[in-house]
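Breakdown of the fold
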Amino acid sequence: MLTYFDNGATSFPKPPQVAEAISHYLMEVGGNYGRSAHSRALKSGTTVEQCRDRLAEIMDISLVEHLCFASNATHAANVILQGLSFKKGAEVLISPVEHNACARPLKMLEEQGHIKLVTLPAGPDGRIIPNEIPALINSHTALAVINHQSNVNGVIQPVADIRKAADYLPIMLDASQSLGKTPVRVDEWMLDYVIFTGHKSLLGPTGTGGLYIRHPDRVEPLVLGGTGSNSEHLSMPLQMPDRFEAGTPNIAGIFGLLAALDNRPEPAHSHDDFLKLLDNIESIPGYSILRTENTDNQGEVISLNHSKMDAGTLAWELSSRFNIESRSGLHCAPSAHQHLGTFPHGTCRLTPSPYHTPEDFEYLLGALREVSQSSEQQKKAS
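Residues numbered from 1 in each chain as written. Predicted model: local features only at pLDDT ≥ 70, side-chain atom pairs only at ≥ 80, totals over all residues. Heavy atoms only, no water.

This part is about the packing of helix α3 (residues 73-83) against helix α4 (residues 100-111). Where α3 meets α4, the closest approach of the two axes is 9 Å, and the angle between their N-to-C directions is 30°. Overall, the two elements α3 and α4 adopt an arrangement that is roughly parallel. Crossing geometry of α3 relative to α4 is assigned as right-handed. Residue-level inspection shows T74, A77, N78, L81 and Q82 of α3 in contact with α4, the latter providing A101, C102, P105, L106, M108 and L109. (Axes fitted to C-alpha atoms, helices over the stretch in contact; angles between N-to-C directions. Helix = DSSP H or I, 4+ residues; strand = E, 2+ residues; numbered from the N terminus. Parallel < 35°, antiparallel > 145°, perpendicular 65-115°, else oblique. Left-handed = near helix turned anticlockwise from the far one by under 90°. Contact = heavy atoms within 4.5 Å.)

Another point: the sheet that holds strand β5 (residues 171-174). With respect to topology, seven strands assemble into an open sheet ordered β1-β7-β6-β5-β4-β2-β3, the strand pairing being mixed. Among the strands making up the open sheet, the edge pair consists of β1 (67-70) and β3 (115-119). Mean inter-strand twist for the sheet, computed between neighbouring axes without regard to direction, equals 20°. Bridging between strand β4 (residues 141-147) and β5 involves four bridges; their strand directions are parallel. If you follow A144 over to β5, its bridge partner there is I171. This element, α3, spans β1, β4, β5, β6 (193-197) and β7 (209-213) of the sheet and lies at about 160° to β6. (Pairing = 2+ DSSP bridges.)

Let us look at unusual backbone geometry. Here the bond from F12 into P13 is cis, since omega is 0°, no more than 30 degrees from zero. Residue position: P13 is located in the segment before α1 (16-29). F343 connects to P344 through a cis peptide bond whose omega is 10°. Note on placement: P344 falls in the loop between α9 (334-340) and β11 (347-350). At N323, a position not held by glycine, the phi torsion is positive, near 60°.

What follows covers the side chain of H331. With respect to the element layout, H331 can be found in the loop between β10 (327-329) and α9. H331 sits in the buried class, given a relative accessible area of 1%. With residues near it in sequence (within four places) discarded, H331 still touches H99, N151, V152, S303, H337, T347 and R349. (Buried < 20%, exposed > 50% of the residue type's maximum accessible area, 1.4 Å probe, protein only.)

This part covers the nonpolar core. With 44 residues, the main nonpolar core has C51, L55, M59, L173, V186, L191 and V194 as its most contacted residues. Looking at this core, the elements with two or more residues in it are α1, α2 (39-59), β1, β4, α5 (159-166), β5, β6 and α6 (251-262). Looking at this core, the element that brings in the most residues is α6, giving eight residues. Grouped together as the second largest cluster of nonpolar side chains are 27 residues, I94, L143, M240 and F244 included. (Core = buried A, V, L, I, M, F, W, Y, C linked by side-chain atoms within 4.5 Å.)

Let us now look at the side chain of S326. Tracing the chain through its elements places S326 in the loop between α8 (311-322) and β10. Sequence-distant contacts of S326, that is, excluding residues within four places in its chain, are made with F5, D6, A315, C348, R349 and L350.

Another point: the pairing of strand β9 (residues 302-306). Within β9, five of the five residues are buried, which leaves it mostly tucked inside the rest of the structure. Neither face of β9 is open: one carries I302, L304 and H306, the other S303 and N305, and all of them are buried.

Time to look at α3. The element α3 is extensively covered by neighbouring structure, given that eight of its 11 residues are classed as buried. The complete set of buried residues in α3 reads A73, A76, A77, N78, V79, I80, L81 and G83. In this structure, the buried side of α3 is in contact with β1, α4, β4, β5, β6 and β7. For α3, the N-terminal cap is N72; the gap from its side-chain oxygen to the backbone nitrogen of T74 is 3.2 Å. (Polar contact = N/O pair within 3.5 Å; in protein donor to acceptor, adjacent residues only side chain to side chain.)

With the rule as written, the count across this model stands at three aromatic pairs. For the ring pair Y4 and F12, a centre distance of 5.5 Å and an interplane angle of 70° mean the geometry is edge-to-face. Judged by relative accessible area, which is 48%, F12 ranks as partly exposed. For the ring pair Y25 and F255, a centre distance of 5.0 Å and an interplane angle of 40° mean the geometry is tilted. A residue pair is termed long-range when its members are at least 10 positions apart, and Y25 in helix α1 and F255 in helix α6 qualify at 230 residues. Of the two residues, Y25 and F255, neither departs from the other in class, the shared state being buried. (Phe/Tyr/Trp six-rings, centres within 6.5 Å; stacked < 30°, edge-to-face > 60°.)

Of note, I284 is situated in the loop between α7 (271-282) and β8 (287-290). Judged by its relative accessible area of 7%, I284 falls in the buried class. Put simply, I284 and L365 are 81 residues apart on the chain and 9.1 Å apart in space, counted from C-alpha to C-alpha. Other than its neighbours up to four places away in sequence, I284 contacts L365, L368, R369 and S372.

To continue, consider the environment of Y168. Relative to the helices and strands, Y168 resides in the loop between α5 and β5. Considering only alpha carbons, one finds Y168 and D192, 24 residues apart in sequence, at a separation of 9.8 Å.

Consider a sheet: its strands pair through backbone hydrogen bonds, and that pairing is either parallel or antiparallel. Taking strand neighbours across the sheet as the criterion, the four strands line up as β8-β9-β11-β10 in an open arrangement whose pairing is antiparallel. This sheet does not close on itself; its edge strands, each paired only once, are β8 and β10. When strand polarity is set aside, the average angle formed by the axes of neighbouring strands in this sheet is 30°. The pairing of β10 with β11 spans three bridges and is antiparallel. Following the sheet pairing, R327 is matched in β11 by R349. Contacts from α7 reach β8 and β9, with the element oriented near 5° to β9. Its contacts with the sheet place α8 against β8, β9, β10 and β11, and it is angled at close to 40° to β11.

Put into structure tokens, the structure is as follows:
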């Protein structure tokens, strides 16, 4: 029975080949990336570029060299947002369900007087309303930042429609929760910037992730240093991806990420199984779920509360009595909880992985029933 339901924080388990690939690099390959010409360095370089190619294929990116590795999505977001040169009075459009990975650097830029944040119009579930975007765009509008899939209620944004409504306005997509389970079409959607992490739905190791920049000349590097190229110059190289990959990358992690991409498991449950689970939870007295208005836009995230206990207590009951691991609180996304009406207490969040079976869902459902029944009995007894 798989009782780990905290995949929104990081995925577990990983495909066994991930650990094998990391060990293979550490114990047998060694060698730095892009620094030498001996066989070990060449093996490292070949594997890193194979991983870059696979990611570009998954993300529909033709400019493969414009996809750069980073330690995580937060690092990637800062590279882009702090590297852009905003003109005075610039406005940045944001979704109402942004994660702090983007929200905090944007808020800092606003407090420093570089930008003004404008929240995009959205429905009660946080899904952006594309038809209302043109009215917000003016000569000062410089960028739109979109969280592709919320880590709070799973709402999936209509990126293709947003692109059409926003015309040629640059768009930055946070694909941290979506990449690996929801299609990301960078070229088709004409996205200018994308950030992602490797340790969530891609099932890779922590410390991996990256960013895509369509026009590198518009972004100044955040981190400067050695790249193994153009070493005779003290300025950062202009060529990609070197421009944004200063320092030795997480080669062991990239070996593991490539193994995850090449050994993705067949899902043990269907999306219909997940939607059925949501319906069954809602049928239990006491529970309320944050979910999308249209099931076509529902990612596999369960954010729930119980009328007789707070989110932390619910998470503790599930863990201590049934070994079900979840996450309670605000999930690093206070803006999302404010929009969804669950701030400041947050919710108890359960996020399944491809490894979860319908039987695992039944176990979770039974546990939620028992916790709810116990709370009712305690209320009567008191």
